[in-house]
Amino acid sequence: MDPKRLVRDRRHALKTPRLEIDLNKIRHNSAAISTMLGLRGISLTGVTKVMMGEPAVARMMLEGGARFIGDSRLENIQRMIHGGIRADYILIRSPMLSQVDEVVSLTHMSFNSEISVIRALSEAALDQNRCHKILLMVELGDLREGVLPKDLAGLVKQTIGLKGVRLAGIGTNLACLSGVMPVQERMVFFSNLVKKVSKRFSLNLELISGGNSANYTWLTQNYDSGCINNLRMGEMIFTGCNILTGEPVPCLYQDTIRLVGEVIEFKIKDSKPKGPVVKNAFGQRPKFENQGRMARAILGLGRQDVNANGLTPLDDVSIIGACSDHLVLDTHKFHPPIGHEFKFSLSYGALLSAMTSPYVKKVFLARPLKY
Ligand SMILES: *Cc1c(COP(=O)(O)O)cnc(C)c1O
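Every value quoted in this text rests on a predicted model; they were computed, and no experiment measured them. Along each chain, residues carry numbers from 1 onward, in the same order as the chain's sequence is written. Totals for whole chains, interfaces and linings use every residue, but because this is a predicted model, local features are given only for residues with pLDDT of at least 70 and side-chain atom pairs only at 80 or more, for both listing and counting. Processing note: side-chain calculations cover all non-hydrogen atoms of the structure and skip hydrogens and water entirely.

A word on unusual backbone geometry
Part 1: The residue after Thr16, namely Pro17, is reached through a cis peptide bond having omega -10°.
Part 2: Inspection of the secondary structure puts Pro17 in the loop between helix 1 (3-12) and strand 1 (18-22).
Part 3: Positive phi, normally seen in glycine, also occurs at Ser202, with a value near 45°.
Part 4: Burial classes: relative accessible area under 20% of the type maximum marks a residue as buried, over 50% as exposed, and values in between as partly exposed (1.4 Å probe, protein chains only). Its relative accessible area of 64% is what places Ser202 among the exposed residues.
Part 5: Positioned with a positive phi, Cys251 is a non-glycine residue whose angle comes to about 75°.
Part 6: In this fold, Cys251 is placed in the loop between helix 10 (235-239) and strand 10 (257-270). Only DSSP runs of H or I covering at least 4 residues are called helices, and only runs of E covering at least 2 are called strands; the numbering of each starts at the N terminus.

Thoughts on the pairing of strand 1
Part 1: Burial analysis of strand 1 places five of its five residues in the buried class, which makes it a mostly covered element.
Part 2: Of the two faces of strand 1, the one carrying Arg18, Glu20 and Asp22 and the one carrying Leu19 and Ile21 are both buried.
Part 3: Note on pairing: two strands pair once DSSP finds at least 2 bridges between them. Of the strand pairs in this sheet, strand 1 and strand 16 (residues 361-365) are connected by five bridges, and their pairing is parallel. Within strand 16, the position partnered with Leu19 by the bridge is Lys362.

Quick look at helix 2 (residues 23-38)
Part 1: Take the residue count of a helix, subtract one, and multiply by 1.5 Å to get its expected span. In this model, helix 2 (16 residues) spans 22 Å end to end at C-alpha, consistent with the 22 Å of a helix rising 1.5 Å per residue.
Part 2: Within helix 2, burial applies to Leu23, Asn24, Lys25, Ile26, Asn29, Ser30, Ile33, Ser34 and Leu37.
Part 3: Two N or O atoms count as a polar contact when they lie within 3.5 Å, although within protein this holds only if one can serve as hydrogen donor and the other as acceptor, and sequence-adjacent residues are included solely when both atoms are side-chain atoms. Two or three places before Asn24, at the opening of helix 2, Asp22 has a side-chain oxygen 3.1 Å from that residue's backbone nitrogen.

Overview of the state of the cysteines
Part 1: Put simply, a disulfide is two cysteine sulfurs that come within 2.5 Å. For the structure shown, the criterion picks out zero disulfides.
Part 2: Here Cys176 stays unpaired: no disulfide links it, and the sulfur of Cys241, its closest cysteine neighbor, is 17 Å away.
Part 3: Cys241 forms no disulfide, and the closest cysteine sulfur to it belongs to Cys251, at a distance of 14 Å.
Part 4: You can call Cys241 buried: its relative accessible area is 17%.

Some words on the layout of surface pockets
Part 1: Cavities and pockets are defined on a 1 Å grid built over the protein atoms alone: a cavity is a set of grid points where a 1.4 Å probe fits but cannot escape, while a pocket is an open set with protein on both sides within 12 Å along at least five of seven lines, and lining residues are those with an atom within 4 Å of any such point. Grid points are joined across faces, edges and corners, and a volume is the space filled by probe spheres set on the points. Of the volumes computed, that of the largest pocket is approximately 570 Å³.
Part 2: Along its surface, the largest pocket is lined by 22 residues, and Pro286, Phe288, Arg296, Ile320 and Val328 are the ones closest to its centre.
Part 3: When residues of the lining of the largest pocket are traced back to their parent elements, those giving at least two are strand 10, strand 11 (293-299) and strand 13 (318-322).
Part 4: Of all the elements, strand 13 adds the most residues to the lining of the largest pocket, at three residues.
Part 5: Computed from the structure, the second largest pocket encloses a volume of approximately 410 Å³.
Part 6: As for the second largest pocket, its lining consists of 24 residues, of which Lys49, Ile92, Arg144, Asn173 and Cys176 are closest to the centre.
Part 7: Basically, the charged four are Asp, Glu, Lys and Arg, the nonpolar ten are Ala, Val, Leu, Ile, Met, Phe, Trp, Tyr, Cys and Pro, and anything else, Gly included, counts as polar. Looking at the lining of the second largest pocket residue by residue, the classes come out as eleven nonpolar, six polar and seven charged.

As for the pattern of salt bridges
Part 1: Take a side-chain nitrogen of Lys or Arg and a carboxyl oxygen of Asp or Glu: if they are within 4 Å of each other, that pair is a salt bridge. Across all of its chains, the model carries 17 salt bridges by this definition.
Part 2: The shortest N-O distance in the salt bridge between Arg18 and Glu20 comes to 2.9 Å. Glu20 carries the same exposure label as Arg18, and that label is buried.
Part 3: Two residues, Glu54 and Arg79, come together in a salt bridge whose shortest N-O distance is 2.6 Å. A residue pair is termed long-range when its members are at least 10 positions apart, and Glu54 in the loop between strand 2 (43-47) and helix 3 (55-63) and Arg79 in helix 4 (residues 74-82) qualify at 25 residues.
Part 4: On the accessibility criterion, Arg79 (36% relative accessible area) is partly exposed.
Part 5: What you see here is one network of salt bridges that share partners, running through Arg18, Glu20, Glu341 and Lys343.

Observations concerning the site of the ligand
Part 1: Lining the immediate environment of the ligand, one finds 13 residues, of which Lys49, Ser213, Arg232, Gly234 and Glu235 sit closest.
Part 2: Across the complex, the protein chains shield 96% of the 380 Å² of accessible surface that the ligand would expose by itself.
Part 3: Residues of the shell around the ligand, tallied by class, amount to four nonpolar, four polar and five charged. Consider each residue's heavy atoms; a residue with any of them within 4 Å of a molecule or strand counts as near. Method for areas: the Shrake-Rupley scheme with a 1.4 Å probe, in which residue coverage is limited to the protein chains shown.

Focus on the side chain of Ser357
Part 1: Inspection of the secondary structure assignment puts Ser357 in the loop between helix 11 (348-356) and strand 16.
Part 2: If sequence neighbours within four positions are ignored, Ser357 has contacts with Gln304, Asp305 and Lys362. Contacts are residue-level and defined by heavy atoms, with any inter-residue pair within 4.5 Å sufficient.

Details of a nonpolar patch on the surface
Part 1: The grouping of Met181, Val183 and Leu244 at the surface amounts to a nonpolar patch, some 220 Å² of accessible area in total.
Part 2: By the secondary structure assignment, Val183 is in the loop between strand 7 (165-172) and helix 8 (184-200). Here, patches come from residues exposed beyond 30% relative accessible area and free of salt bridges, joined within 9 Å for like charges and within 5 Å for nonpolar side chains (Val, Leu, Ile, Met, Phe, Trp, Tyr).

In structure tokens, the structure reads:
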């Protein structure tokens, strides 16, 4: 090949490692999910935290029909606002006391479970001459955030007595920490609790937010979703999978986001390490079977870029292991040239790590969809 041409190609090649984020597919998944929820009278809060509040992604969620944008971090919400995304923003993690002023000025609503924080939000809202909406989180068994069900009425009473804040919702979250499954019994319990407390205090709640992507199975298996009128989803939009079973959800894309790495070395080497084996750089003692000589490619991609445990190759290759900066593949019969790119799909954990790594470029694809 003409050497000049090679140089030009190299200069024009996309850099790696990179995440390729297909905006059309994200919009499609958001639309399919919000339509499915809509048929059940449930609105969608598109959760952007794993995408670090990327404005282009929020725009796709909103175009796809998400009613709210939820994020756990103010920095992300700020980024979307600066990116020109007009939306009703919800802070879905309890505010820190040190942040209440920004929470009031940047968001429409925040999730809460501590009266001292709600009091501080009330003061901040009065200072700013605003009204901040409060959603109270209830603990249903996953043992992460939320008041105990028996303490909900007390917190409601204290909250509605404060000026500058308005009690606008009650919510719950399962599965994230302990993996507790949202089953109908828990959801009915939650609905009844909300109904009881609403009646007792004559509340007019706009948001009964019953869970996250892990609620998909519950939703499809139970016709009665009680008084739940909102779900918050990020993972299912990005992975297109039922996150409890790992199975693809019909009509959703599973390949909205891919990670691309590039071959920096390819050699035929032994498959079994030589010499006494102690521990590797990460304190592990990996075991390797002797499979004879092996086609081994090294990608310029490592643990500083991604949690490699959550990668699945999209080509016929196997992952041997990863260090800080090297990912080693068995490429079987294929002998890739240097510079060859391999693609991977990502688990939620891998996506989280790659999105937050400064070394990984984020490339947005927005080709017209083919039907
Ligand atoms: C992250 C988060 C969600 C969204 O979870 P997914 O698994 O991405 O659907 C919903 N609610 C809360 C409180 C969260 O922290």
